[in-house]
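Letter by letter, the chains look like this.
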Amino acid sequence: MTIGTASSISVHGNKTKYRRNRLSIGGWLVRILFACLFAFPLIFMVVSSFKPDDEIMADLSSVKAFLPTGNVSLDNYAQVFTRVPAARFLLNSVFITLITVVLGVLINSMAAFAIQRLNIRFKKIIFTFILATLMVPFETYAIPLLWWINQLPRPAIDQFGLYFTRGWMDTLTIQIIPFIANAFSVYLYMQYFETIPKDLDEAAKVDGAGWFRIYSRIVMPLSGPATATVVILSFLPMWNQYLWPLMVVQSENNRPVMIGVQYFQQMTTSWGQIMAYSSLITLPIIAVFVIFQRQFVSSIAATGVKG
């Protein structure tokens, strides 16, 4: 009787394990299918960037459109850097995005820490006003913002020394400063800071730590997933900025890559070169997501469990 029971349990366990393996394989197949569907446009763009225009058009009706076959070369990329100052556009966007993201992480996390941890008056009202800014579209206050920034002092240096002029038009600064503070980043940090026990603050105070040391040595090191999420969600809109640079930048030296897309399309009608330029401005986005994807997914999962 005991042997029969053990045998039936073993058979039942094997069936359960088989079902789990089958579900696991099915899940992976579904993931691979969706990954291929989303990856096809990117693969087509990258592969086409290495082909001449006649081969791109000839391969559209076959699977060769997704394969690096035929006359593959780097001529399209060479033409990108020859026709327009693409390197300058890329460096401008990297500088603007990097400075905005780094300062945004610092300032928004400090604001969230102050509202969440410090005993300040009217902090609920302050937080309400911060969240209220999310309901105002950028197009609504773009013109007033442009007017105010154009009234600010701007330092300049010439052979006579340091002096100040008025207005930040046509500079990299005007593309950075207005976007450092971000209400959504403050909200994300506040939500994540709630999951960190305040007992750690009290223990640090007993050891003589001040608020800034608690913020920098305890809270922020434990907020890696939130920081990764803020980095990704801040990087994407800054890298894709188009309307604001179109309004405030006139010179070629200060243009970001997205303004350069329109400029580049006016210079050439070659699809291979357009694909090459598009690949250059897409790869940094993919790289940032790959670097921070694990912590980004962890942050989303933690928020979902909490909610």
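Refer to the structure above for everything that follows.
Reading the values: the criteria
- Residues numbered from 1 in each chain as written.
- Predicted model: local features only at pLDDT ≥ 70, side-chain atom pairs only at ≥ 80, totals over all residues.
- Heavy atoms only, no water.
- Helix = DSSP H or I, 4+ residues; strand = E, 2+ residues; numbered from the N terminus.
- Buried < 20%, exposed > 50% of the residue type's maximum accessible area, 1.4 Å probe, protein only.
- Phe/Tyr/Trp six-rings, centres within 6.5 Å; stacked < 30°, edge-to-face > 60°.
- Pairing = 2+ DSSP bridges.
- Contact = heavy atoms within 4.5 Å.
- Salt bridge = Lys/Arg side-chain N within 4 Å of Asp/Glu carboxyl O.
- Core = buried A, V, L, I, M, F, W, Y, C linked by side-chain atoms within 4.5 Å.
- Polar contact = N/O pair within 3.5 Å; in protein donor to acceptor, adjacent residues only side chain to side chain.
- Axes fitted to C-alpha atoms, helices over the stretch in contact; angles between N-to-C directions.
- Parallel < 35°, antiparallel > 145°, perpendicular 65-115°, else oblique.
- Left-handed = near helix turned anticlockwise from the far one by under 90°.
- Nonpolar A, V, L, I, M, F, W, Y, C, P; charged D, E, K, R; others polar.

1. A word on unusual backbone geometry
One non-glycine residue, F122, lies in the positive phi region at around 60°. Topologically, F122 is positioned in the loop between helix 4 (86–117) and helix 5 (123–132). Take F122: its relative accessible area is 52%, and that puts it in the exposed class.

2. So, the packing of aromatic side chains
This model, assessed by the stated rule, comprises 17 aromatic pairs. Among the aromatic residues, those joined into a ring-pair cluster are F113, Y189, F193, W211, F212 and Y215.

3. As for the pairing of strand 2 (residues 161–166)
Of all the six residues making up strand 2, zero are buried; the element is thus mostly uncovered. As judged from the six bridges shared by strand 1 (residues 153–158) and strand 2, these two strands associate in the antiparallel manner. Among the inter-strand pairings, R154 is bridged to a residue of strand 2, identified as T165. Where strand 1 hands over to strand 2, the hairpin turn is made up of two residues, counted between the paired strands.

4. So, the side chain of T171
Position of T171 relative to the elements: it lies in the loop between strand 2 and helix 7 (183–193). Not counting chain neighbours up to four residues away, the residues in contact with T171 comprise R154 and N254.

5. A short note on the pattern of salt bridges
The final tally for this structure, using the stated rule, is two salt bridges. One salt bridge in this structure joins D59 and K51, with 3.0 Å as the shortest N-O distance. When its relative accessible area of 11% is taken as the criterion, D59 is described as buried. Of the residues examined, K51 reaches a relative accessible area of 1% and is grouped as buried. The salt bridge partner of R117 is D201, with a shortest N-O separation of 2.6 Å. One end of the pair, R117, is in helix 4; the other, D201, is in helix 8 (residues 199–206), with 84 residues separating them in the sequence. Across the pair, exposure class does not vary: R117 and D201 are buried alike.

6. Here's the deal with the nonpolar core
Most often, soluble globular proteins keep nonpolar side chains buried together rather than apart. Of all hydrophobic cores here, the largest spans 41 residues; its most connected members are Y189, F193, V257 and Y277. Breaking this core down by element, the ones donating at least two residues are helix 3 (75–83), helix 4, helix 7, helix 9 (211–219), helix 10 (224–239), helix 12 (257–267) and helix 13 (271–306). It is helix 4 that provides the largest number of residues to this core, a total of eight residues. F193 has contacts with S109, A112, F113, Q116, R117, V219, M220 and S223, leaving out every residue within four places of it along the chain. Listed in part, the 15 residues of the second largest apolar core include A142, L146, M238 and V248.

7. Here we look at the environment of N182
Within the secondary structure, N182 is located in the loop between strand 2 and helix 7. Note on N182: relative accessible area 32%, which makes it partly exposed. Sequence separation of N182 and T133 is 49 residues, and the distance between their C-alpha atoms is 9.1 Å. Engagement of the side chain of N182 in a polar contact is seen with the backbone nitrogen of F184, the distance being 3.0 Å. From its side chain, N182 meets the backbone nitrogen of S185 in a polar contact 2.9 Å long.

8. Points about the side chain of S234
Along the polypeptide, S234 turns up in helix 10. Engagement of the side chain of S234 in a polar contact is seen with the backbone oxygen of V230, the distance being 2.7 Å. For S234, the residues in contact, after removing those within four places along its chain, are V101 and S185.

9. Quick look at the packing of helix 7 against helix 10
Close contact between helix 7 and helix 10 brings their axes to 10 Å; oriented N to C, the two are set at 165°. As judged from the angle between their axes, helix 7 and helix 10 are roughly antiparallel. Where helix 7 crosses over helix 10, the two elements pack in a sense that is right-handed. In contact with F184, S185, L188, Y189 and Y192 of helix 7, helix 10 contributes P225, A226, T227, T229, V230, L233 and S234. Classifying every residue of the contact of helix 7 with helix 10 gives eight nonpolar, four polar and no charged.

Function cannot be inferred from these measures alone, as they are strictly geometric.
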